[in-house]
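Chains, contacts and geometry: an overview
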Amino acid sequence: MQGSSFRRSSVAGLPAGSGSALPALLLVGLFFIVPVVALLLRSVTDPEPGLQNYAALFGSGTYVRVFLNTFLVASVVTAVTILVAFPVAWMLAIMPPALGSIVFGIIILSMWTNLLTRTYAWMVLLQRTGVINRALMGLGIIHEPLPLINNLAGVTIGMVYIMLPFMILPLVGTLRAIDPMTLRAAALCGASPFEAFRRILLPLSLPGIAAGGLMVFVMSLGYFVTPALLGGTSNMMLAEMIAQTVQSLLNWGLGSAAAFVLLVVTMALYAIQLRLVGAKRAGGGI
Amino acid sequence: MKLILTGLLAGLLAATAAKADEMAFTSWGGTTQEAQTKSWAAPFEASSGIKVLQDGPTDYGKLKAMVDAGNVTWDVVDVEMDFAIKAAKDGLLEPIDYAVVPKADLDPRFSNEHSVGSFYYSFVLAWNKGTVTGEPTGWADMFDTKKFPGKRTFYKWSAPGVIEIALLADGVPADKLYPLDLDRAFKKLDTIKSDIVWWGGGAESQQLIASGEAAFGQLWNGRVFALQQDGTDVGVAWNQNLTAADVLVVPKGAKNKDSAMKFLAAATSPTGQAKFAEASGYAPINTKAKAEMPADAVKALPDAHVDGQINLDMNYWAEHRGEIATRWYAWQTK
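Heads up: these notes are all about the structure in this document. (Residues numbered from 1 in each chain as written. Chains lettered and ligands numbered in written order. Predicted model: local features only at pLDDT ≥ 70, side-chain atom pairs only at ≥ 80, totals over all residues.)

Some details on helix H5 (residues 115–126) of chain A
Residue and element names in this part refer to chain A. Selection criterion: The way it works is that DSSP assigns letters per residue, a run of H or I at least four long becomes a helix, a run of E at least two long becomes a strand, and they are numbered from the N terminus. By definition here, a helix of n residues has an expected span of 1.5 Å times n minus one. Note on burial: count the other C-beta atoms lying within 10 Å of the residue's C-beta; 20 or more is buried, 12 or fewer is exposed, in between is partly exposed, and C-beta positions come from the backbone. In this description, the arc belongs to the directions extending from the helix axis to the C-beta atoms.
Taking 1.5 Å per residue, twelve residues should reach 16 Å; H5 reaches 16 Å between its end C-alpha atoms and fits that length. Listed as buried for H5 are Trp 122, Met 123 and Leu 126. Projected onto a plane normal to the axis of H5, the buried residues spread over an arc of 105 degrees and lie on a single side.

Okay, here's the thing in structure tokens:
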């Protein structure tokens, strides 16, 4: 988006071309704004008007714990995703285009497979009697099965795998835009490969890392299936807790309050990132 | 505004507006709903000409949203009995028309003004014979990690069962279970917390036991029955089996109420109940059903194990659902 190049229309003071954006705006309004407002209203009206749902939410050790845990899991997943995605994105950026598009295709393809199927596949791989533990025990590397599932490790592995494409795609865009000559220049000036990475590549790729990282973090905050199947109850995430509150306990007010708090926190994080890297760079590379 | 929200929600949920010769039946999916389709819906369609659309899984939040919005697309829903008692109190259910549904032979434990029995089942102690040496005989063995090492699997959600199991294992006599001593139950559960793997649905419980991922578990007897039918080497202890029931309900404002009542009559008939019990291993709620079943199928039912059988108190749970759930999730997420 080139926000600065929009011309002002003289009539209504709206950006030129906003007429053609009307259907899209209506769509966003109908399917995003209205439900969010309804959610907020429900959280302060159900079962009766007042802030009792928010009081219950922050007064409940359970919800506070689940909140903190949700942010912990999302942070770990984001950090690991960045570490795994960076080398892949770099490889994609410097590969010959023909080969690159094949590898790209493979990465995209994984996104087309049903999420539940992929999560079940991880269950089969990670459990105590699963493929990984059996192989390691068969090779004599371990004697007791590693606890890879029903804990933070299981959630992290499963979610990083699902989040990788969302990190790789913006990163590749950013990395491709970096002039390779800058790295060559660094080498000519005597920089070691690590030094070139630390002082040239990393700073230049920060916008891509920030954009992908934010997307992964925000998506992770609301994740449901993977934590429910690969995590234990002590890693329960907010989405699962809300589902229980609404579906089983029929407490829509409390569920709405929890969902709204999560939304506000997420928006706040986005705002902070906009401040830190600037609107253009935060969206850059996607 | 609340109306707009619920209207929107229900609008999204309403997949198709049902026609006069159609009705929607919702249950829990998996082997249970397959058996219900085969034993109840198929013969009912043939005899009445009313098409039964299958939907699922049962979702209490959805049910409430439909009723609140006045746009009910489910006509008959299979729910847990403690939920049905609570939902009837909250005005979410139609009364059962016992002029259409014959009541005389129904087990009075599982039918009341707003719900009619679907089937009843027992939580039993099941184990994978390949990973367990020895034979557990009661819930206390699930808490004895020295004698019986390995992971144990329990039902994940706040529902009748696990609390009672912990209390029984701690030595509370069966007739002194209620009112539930939650402090004592959680203290007992703390002793094996790190050895527990939770299951959230029937298929998951089967997978955990069949793979040996969990050595023991608290399972629905029908799921153990299905494992044994598949030839999996699973042991089962019926001592202290805990009964609970599913019931069939008609949500308030269901569009095809008349068809729904006729369906309930067919589902709770001796033949419908006998066929379902034979296919699922769950017990019939019609007292005449067993006469129509083969003798070996009767032997697999919870009815054959009334010695040491304990009835979970659905009324107690309906009364205390909220407060127990608050304690449950607080303990579980710790």
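The structure having been displayed, the exposition proceeds.
Some thoughts on the environment of Tyr 60 of chain B
Which entries qualify depends on this criterion: The contact criterion used is a C-beta to C-beta distance within 7 Å, with each C-beta placed from the backbone.
Secondary-structure assignment places Tyr 60 of chain B in helix H3 (residues 60–69). In this view, Tyr 60 of chain B contacts Gln 247, Ser 248 and Leu 250 of chain A together with Phe 83 of chain B; residues no more than four positions away in its chain are not counted.

Considerations on the nonpolar core
Going by this rule: The nonpolar core is taken to be a set of buried Ala, Val, Leu, Ile, Met, Phe, Trp, Tyr and Cys residues joined by way of C-beta atoms within 7 Å. By convention here, the domain bounds are inherited from an automatic or database domain assignment.
Of all hydrophobic cores here, the largest spans 99 residues; its most connected members are Val 247, Val 249, Phe 263 and Leu 264 of chain B. At nine residues, strand S4 (residues 116–128) of chain B tops the list of elements feeding residues into this core. Both domains that furnish three or more residues to this core are identified here as domain 1 (2–120 + 245–303) and domain 2 (121–244 + 307–332) of chain B. When sequence neighbours within four positions are dropped, the list of residues in contact with Val 249 of chain B reads Val 77, Val 79, Ala 84, Ala 87, Leu 93, His 114 and Ser 115 of chain B. Core analysis: the second largest hydrophobic core is formed by 51 residues, Trp 122, Phe 166, Leu 169 and Trp 252 of chain A among them.

Quick look at the environment of Ser 194 of chain B
Mapping Ser 194 of chain B onto the fold places it in the loop between helix H7 (182–190) and strand S6 (196–199). It is 21 Å that separates the C-alpha atoms of Ser 194 of chain B and Pro 160 of chain B, two residues lying 34 residues apart in sequence.

Regarding H3 of chain B
Taking burial as the measure, the ten residues of H3 of chain B include seven buried ones, the bulk of the element. In the segment just after H3 of chain B, Gly 70 of chain B is the residue with positive phi, at about 65 degrees.

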